[in-house]
Amino acid sequence: MNSLERMRLTLEHQEADHVPYDLAGTTVTSISGVSFERIMSFRGLSGCYDPGEVVDVVQQIIIPPEPVLQSLEVDVRRVGAKRVADYPECATSSGGTESFVDAYNCSWELVRGKDFYFNQTSYPLGGYDMLEDCTDKLGLPDLSGNRAELYALFDRQVSKSADTALIADRMCAGLTEMLLRLRGYENGYMDLAEDPAAAREAFARLADHKIQYWDIFGDYIIERGLQERFLVVAECDDLGTQQSTLVSPAMLRELVFPEMKRYIGFIKKKLPWIKVFFHSCGAIMPVIPDFIDCGVDILNPLQYSARGMDLAELKREFGKELIFWGGGVDTQSILSRGTPGEVSDEVKRTLDILAPGGGYVFVPVHNIQQEVPAENYWAMWQTWKDYGKY
């Protein structure tokens, strides 16, 4: 059974020959460049990657070379916009500090040797007292003139991939995350409470921006005749902390979910066969039914260290409605700080819970971080390979 056949069965909640494996299929299921090089070197393998494949410079994550993805038996490939289209050309460096401004006029900075990721240092709409004063100044780029550029990028990405399932990945963060990046976190949270009408307008504009991107991407898939390979569209919005949702479920239902439902509805009308992957970290159990109502088919990352996110309960409550993509091993503690034996035992435990009946794609909880020991990665991968057979 090849990767495309394996993924099709899995997405229909059927057991294939093996639980599929994802590495770098999205910008939330990938690996840091530092960790990748160390992991490859551990086994005497060449891990050299093109700096142009730093697909998300803020998170410092990469797309590994195609031969490596094939050797690791990865079942999916990412196709989509880069987080910063002209990185590294747009970056400046001074005294070990690297900085850049993204397409949304947000400034980012990283101190080499100190920071794992870029940190946001300016918020373009942070100077306004009220959101209603700046909803017409969100500064969202018009993509109408970028069609040829995006098509060329997608063509390059598709041409590199083997005959595997393809994931159409997003170009920006989620609705809530984008508002917070534009306004700053204190302002953004206050906006939701004090200026809900303006917040609804801002989320509508952000949803329109996403719709413009997915309209172009949908045209690309159809015009290139790639309907048989593109099985998944990936979107996100981080709405959870370790203990609760970032804001109340009631506020999310009032302000965020209507626009999330609208842009997901557009995607499904444009690409009616597609499955919608949605990434949201943290303790999100109370709003999972809302995700389903919005049109989400696939839930990631299954952060089972957060309150209420028990894997067995998730499988029991939502396993017939949702495909689970993640939860393979906890990145906060076991993958980064455990022993190889502990990693292997945890992978077996999560596979025992999530794999039966299909509808499960194996990947750790979020990206593989810089501090993950190489031997722990290989313990995870080998256990998935040996224990993930149906």
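Fair warning: this is a prediction, and the values are worked out from it, not measured in the lab.

Rules of the game
- Counting restarts for each chain: residues are numbered from 1 in the order of the written sequence.
- Since the coordinates come from a predicted model, pLDDT governs what is reported: local features require at least 70, and pairs of side-chain atoms require 80 or more to be given and counted, while whole-chain, interface and lining totals use all residues.
- With hydrogens and water set aside, each side-chain value is computed from the structure's full complement of heavy atoms.
- By definition, any uninterrupted DSSP run of H or I lasting at least four residues is a helix, any uninterrupted run of E lasting at least two residues is a strand, and each is numbered from the N terminus.
- Buried means the residue's accessible area, taken with a 1.4 Å probe over protein chains only, is under 20% of the maximum for its type, while exposed means over 50%, and partly exposed covers the values in between.
- Surface exposure here means Shrake-Rupley accessible area, sampled with a 1.4 Å probe, where a residue is shielded only by the protein chains that are shown.
- For this count, His and the chain ends are skipped, Lys and Arg are scored as positive, and Asp and Glu as negative.
- The atoms used to mark charge sites are NZ of Lys, CZ of Arg, CG of Asp and CD of Glu.
- Following DSSP output, two strands are said to pair if at least two bridges run between them.
- When checking whether two residues touch, look at their non-hydrogen atoms; a contact exists if any pair is within 4.5 Å.
- Note on geometry: axes are lines fitted to C-alpha atoms, helical ones only across the stretch in contact, with angles between N-to-C directions running from 0 to 180 degrees.
- With respect to orientation, any angle under 35 degrees is reported as roughly parallel, any angle over 145 as roughly antiparallel, any angle of 65 to 115 as roughly perpendicular, and every other angle as oblique.
- By definition, turning the near helix anticlockwise from the far helix through less than a right angle yields a left-handed crossing, and turning it clockwise yields a right-handed one.
- In the scheme used here, Gly and all other residues not listed as nonpolar or charged are polar, with Ala, Val, Leu, Ile, Met, Phe, Trp, Tyr, Cys and Pro taken as nonpolar and Asp, Glu, Lys and Arg as charged.
- Computed over the protein atoms alone on a 1 Å grid, cavities are sets of points where a 1.4 Å probe fits but cannot get out and pockets are open sets with protein on both sides within 12 Å along at least five of seven lines; a residue lines them when it has an atom within 4 Å of a point.
- Grid points are joined across faces, edges and corners, and a volume is the space filled by probe spheres set on the points.
- Orienting the strands away from the viewer, one traces the path from the first strand over the helix to the second; a clockwise path indicates a right-handed crossover.
- What we call a nonpolar core is a set of buried Ala, Val, Leu, Ile, Met, Phe, Trp, Tyr and Cys residues that are connected through their side-chain atoms within 4.5 Å.
- By definition, a residue's bend is the angle between the axes fitted to the seven residues ending there and the seven starting there.

> Sorry, what's going on with the overall build of the chain here?
Secondary structure summary: the chain contains 13 helices and 13 strands in total. Based on the C-alpha atoms only, the size of the chain along its principal axes is roughly 60 × 50 × 45 Å. Every one of the 390 residues in the chain was classed for burial, and the buried ones make up 57%. When the accessible surface of the chain is totalled, it reaches about 15,200 Å², and 51% of it is carbon and sulfur. Computing the positive centroid from 38 side-chain charges and the negative centroid from 58, the chain places the two 3 Å apart.

> Help me out: how do you make sense of the sheet that holds strand S8 (residues 165–169) in this one?
The strands making up a sheet associate through backbone hydrogen bonding, with each pair oriented either parallel or antiparallel. Read from one edge of the open sheet, seven strands run S3-S8-S9-S10-S11-S12-S13, paired in parallel fashion. A single partner strand is all that each edge strand has here, and the edge strands are strand S3 (76–80) and strand S13 (360–361). In this structure, strand S11 (residues 298–300) lies alongside strand S12 (residues 323–325), joined through two bridges in parallel fashion. If you follow Ile298 over to S12, its bridge partner there is Ile323. Packing against the sheet, helix H7 (residues 196–223) makes contact with S3, S8 and strand S9 (230–236), and its axis sits at approximately 170° to S9.

> It is not clear to me how the environment of Phe100 should be interpreted in this structure. Could you clarify?
Here Phe100 lies in strand S5 (residues 97–101). Classification of Phe100 as buried rests on a relative accessible area of 3%. The contact partners of Phe100, leaving out residues within four places of it in the chain, are Val57, Val58, Val84, Cys90, Ala91, Cys106, Ser107, Trp108 and Phe118.

> So what exactly am I meant to see when it comes to the packing of H7 against helix H8 (residues 249–270) here?
When two helices pack together, their arrangement is given by the angle between the helix axes and by the axis-to-axis distance. Here H7 crosses H8 at 15°, and the two axes come no closer than 9 Å. As judged from the angle between their axes, H7 and H8 are roughly parallel. In this structure, H7 crosses over H8, and the sense of that crossing is right-handed. When its residues are assigned to classes, the contact of H7 with H8 shows 13 nonpolar, one polar and nine charged.

> Can you walk me through empty space enclosed by the protein in this structure?
Empty space among the atoms becomes visible once a probe the size of a water molecule is rolled across them. Tallied over the entire structure, the rule returns two cavities of 30 Å³ or more. As a volume, the largest cavity reaches approximately 80 Å³. Along the walls of the largest cavity sit Arg83, Asp102, Ala103, Tyr104, Cys106, Trp108, Met171, Cys172, Ala173, Met178 and Arg181, which together make up its complete lining. For the lining of the largest cavity, the class distribution of residues is eight nonpolar, no polar and three charged. The space that makes up the second largest cavity amounts to roughly 60 Å³. Of the residues belonging to the lining of the second largest cavity, the class tally is four nonpolar, one polar and four charged.

> Looking at this model, I keep getting lost on the layout of surface pockets. Mind explaining?
Counted as a void, the largest pocket has a volume near 880 Å³. Lining the largest pocket are 35 residues, with Gln59, Glu177, Asp238, Cys281 and His366 positioned closest to its centre. Of all elements in the fold, only strand S7 (119–122), helix H5 (175–183) and helix H6 (185–194) reach the threshold of two or more residues within the lining of the largest pocket. Its residues assigned to classes, the lining of the largest pocket comprises 15 nonpolar, 13 polar and seven charged.

> How should I be thinking about the packing of helix H4 (residues 147–160) against H7 in this particular structure?
Two elements in contact, H4 and H7, have axes separated by 10 Å at closest approach and are oriented at 55°. Considering their axes alone, H4 and H7 lie oblique with respect to each other. The chirality of how H4 crosses H7 is right-handed. Along its contact with H4, which presents Arg147, Leu150, Tyr151, Phe154, Asp155 and Val158, the element H7 presents Tyr213, Ile216, Phe217, Asp219, Tyr220 and Glu223. A breakdown of the residues in the contact of H4 with H7 according to their chemical character gives eight nonpolar, no polar and four charged.

> How should the pairing of S9 be read in this particular structure?
For S9, a buried count of seven out of seven residues is recorded, marking the element as mostly surrounded by other parts of the structure. Where S9 and strand S10 (residues 275–279) come together, five bridges link them in parallel fashion. Across the sheet, Cys236 pairs through a bridge with His279, a residue of S10. Following the chain from S9 across H8 to the adjacent parallel S10, one finds a crossover that is right-handed.

> Just checking my understanding: could you explain the nonpolar core for this structure?
A general trend in soluble globular proteins is that nonpolar side chains are found buried together. The biggest cluster of nonpolar side chains holds 112 residues, and the ones touching the most others in it are Phe217, Phe230, Met260, Phe291, Tyr377 and Met380. Top element by residues in this core is H7. It accounts for 13 residues. Discounting chain neighbours no more than four positions away, the residues touching Tyr377 are Tyr21, Leu23, Ile39, Leu72, Ile368 and Val372. Grouped together as the second largest cluster of nonpolar side chains are 16 residues, Leu231, Ala234, Ile323 and Val361 included.

> Can you walk me through unusual backbone geometry in this structure?
As a rule of thumb, non-glycine residues mostly have phi less than zero, and peptide bonds are mostly trans rather than cis. For the bond from Asn300 to Pro301, the omega torsion is 10°, close enough to zero to count as cis. By the secondary structure assignment, Pro301 is in the loop between S11 and helix H10 (311–318). Not every positive phi belongs to a glycine, and Glu73 is a case in point at roughly 60°.

> Where do I start with H8 in this structure?
Where H8 bends most, the angle comes to about 50°, and this point is Val256, followed within four residues by the proline Pro258. Considered for burial, the residues of H8 that qualify are Leu252, Leu255, Val256, Phe257, Glu259, Met260, Tyr263, Ile264 and Ile267. Looking at the buried residues of H8, the elements they touch are H5, H6, H7, S9, S10 and helix H9 (288–294).

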